[in-house]
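Commentary on secondary and tertiary structure
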Amino acid sequence: MRPVDVVKKFCPQAKSAYVAAFENGDMLFLNHGVTTPIRLAHFCAQVFHETGGLAIEWESGSYSAARLLQIFGVGHHSAAVTSDEADHLAYKPEAIFERVYGLGNPKKAKELGNTQPGDGYRYRGRGLFQLTGRGNYVRYGRLTGHPELVDEPDLANDPELAAAIAVAYIKDRYKGGGWEGMKRAVGNSVAGGGETKD
């Protein structure tokens, strides 16, 4: 089964750009080890989770105060957004992302490589793995042969580049272990428990 067939079967609301990434990605997936049913299942499980069934191209930031507290509130995220902050930030994407990913959250900003005012919003999640943070845009721009990604972050939604970033991410960093790391992280939910085999 081709990866695009899985997309069409399980993600009827998929954005056309994502469908195109899978439609044109056969050689990319083959060259990067998406070559067995279990690897395809792991890859798709993670991608479908990150993108809401391939319906989300980027983090919109259109969060209510209640949703901000669920995702970024005290005890849920290093930003530890308070109720008063959530009321002030609600439905203000630039302010939200600067507060939770940018210089308003120094710990997360350092982790993501966000060093300039506005980086939190500029480098919010995009693409198949919702790539986030200046440091990741630099890293995966370099690994995919697209160093311009850091200057043009919307390129992470380009169908071919989105797919290239996703497979590079798995091979490079997924839980520190590439495909084996992915199997450890999502294997039980994909395989229904027990040992997962390629």
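Report follows, based on the coordinates. (Residues numbered from 1 in each chain as written. Predicted model: local features only at pLDDT ≥ 70, side-chain atom pairs only at ≥ 80, totals over all residues. Heavy atoms only, no water.)

**Examining the layout of surface pockets**
- Its volume calculated, the largest pocket comes out at about 800 Å³.
- Taken together, 25 residues line the largest pocket, and the ones lying closest to its centre are E50, Y101, F129, Q130 and T132.
- Elements with a minimum of two residues in the lining of the largest pocket: α4 (37-50), α5 (65-72), α8 (106-112) and α11 (159-173).
- Residue composition of the lining of the largest pocket, by class: ten nonpolar, eight polar and seven charged. (1 Å grid on protein atoms, 1.4 Å probe; cavity = no way out; pocket = protein on both sides within 12 Å on 5 of 7 lines; lining within 4 Å. Points joined across faces, edges and corners; volume = space filled by probe spheres on them. Helix = DSSP H or I, 4+ residues; strand = E, 2+ residues; numbered from the N terminus. Nonpolar A, V, L, I, M, F, W, Y, C, P; charged D, E, K, R; others polar.)

**A look at the environment of Q70**
- Here Q70 lies in helix α5.
- With relative accessibility at 49%, the residue Q70 sits in the partly exposed group.
- Distance in space between the C-alpha atoms of Q70 and V81 is 9.6 Å, their sequence separation being eleven residues. (Buried < 20%, exposed > 50% of the residue type's maximum accessible area, 1.4 Å probe, protein only.)

**Quick notes on the packing of helix α1 (residues 3-10) against α4**
- Contact geometry of α1 with α4 gives a least axis separation of 11 Å together with a crossing angle of 45 degrees. With respect to their mutual orientation, α1 and α4 come out oblique. α4 is crossed by α1, and the crossing has right-handed handedness. In this structure, α1 contributes P3, V6, V7 and F10 to the contact, and α4 contributes L40, C44 and F48.
- Its residues placed into classes, the contact of α1 with α4 shows seven nonpolar, no polar and no charged. (Axes fitted to C-alpha atoms, helices over the stretch in contact; angles between N-to-C directions. Parallel < 35°, antiparallel > 145°, perpendicular 65-115°, else oblique. Left-handed = near helix turned anticlockwise from the far one by under 90°. Contact = heavy atoms within 4.5 Å.)

**Some points on the packing of α1 against helix α2 (residues 16-23)**
- Axis separation between α1 and α2 bottoms out at 7 Å; the angle between their running directions is 150 degrees. Between α1 and α2, the angle falls in the class roughly antiparallel. For the pair α1 and α2, the crossing hand works out as left-handed. Contact with α1, carried on its side by P3, V4, V7 and K8, involves V19, F22 and E23 of α2 and no other residues of that element.
- In terms of residue class, the contact of α1 with α2 is built from five nonpolar, no polar and two charged.

**Some thoughts on α5**
- Where α5 is concerned, the buried positions are A65, L68 and F72. Summarising the axial view, the buried residues of α5 lie within an arc of 60 degrees, below the 170-degree limit, and thus occupy one face.
- In this structure, the buried side of α5 is in contact with α6 (83-89) and α7 (93-100). (Arc of directions from axis to C-beta.)

**Observations concerning the nonpolar core**
- Core analysis: the biggest nonpolar cluster contains 23 residues, and F22, F43, V47, F48, L54 and L128 have the highest contact counts within it.
- Contributions of two or more residues to this core are made by α1, α2, α4 and α11.
- Contact partners of V47, with chain neighbours within four places excluded, come to F22, L54, L128 and F129.
- With 14 residues, the next largest nonpolar core counts Y63, A79, I96 and V100 among its residues. (Core = buried A, V, L, I, M, F, W, Y, C linked by side-chain atoms within 4.5 Å.)

**Remarks on the packing of aromatic side chains**
- Enumeration over the complete set of coordinates arrives at twelve aromatic pairs.
- With centroids separated by 6.1 Å and ring planes inclined at 35 degrees, the aromatic side chains of F43 and F129 adopt a geometry described as tilted. Placement of F43 in helix α4 and of F129 in the loop between α9 (119-122) and α10 (134-143) is noted, with a sequence separation of 86 residues between them. Each member of the pair, F43 as well as F129, is classed as buried.
- Here Y63 and F97 contribute two aromatic rings whose centre-to-centre distance is 6.5 Å and whose plane-to-plane angle is 75 degrees, an arrangement assigned as edge-to-face. Linking Y63 in the loop between α4 and α5 with F97 in helix α7, this pair joins segments that are 34 residues apart in sequence.
- Taking the ring centre of Y121 as reference, the NZ or CZ of R124 above it sits at 4.0 Å. (Phe/Tyr/Trp six-rings, centres within 6.5 Å; stacked < 30°, edge-to-face > 60°. Lys NZ or Arg CZ within 6 Å of the ring centre and 35° of its normal.)

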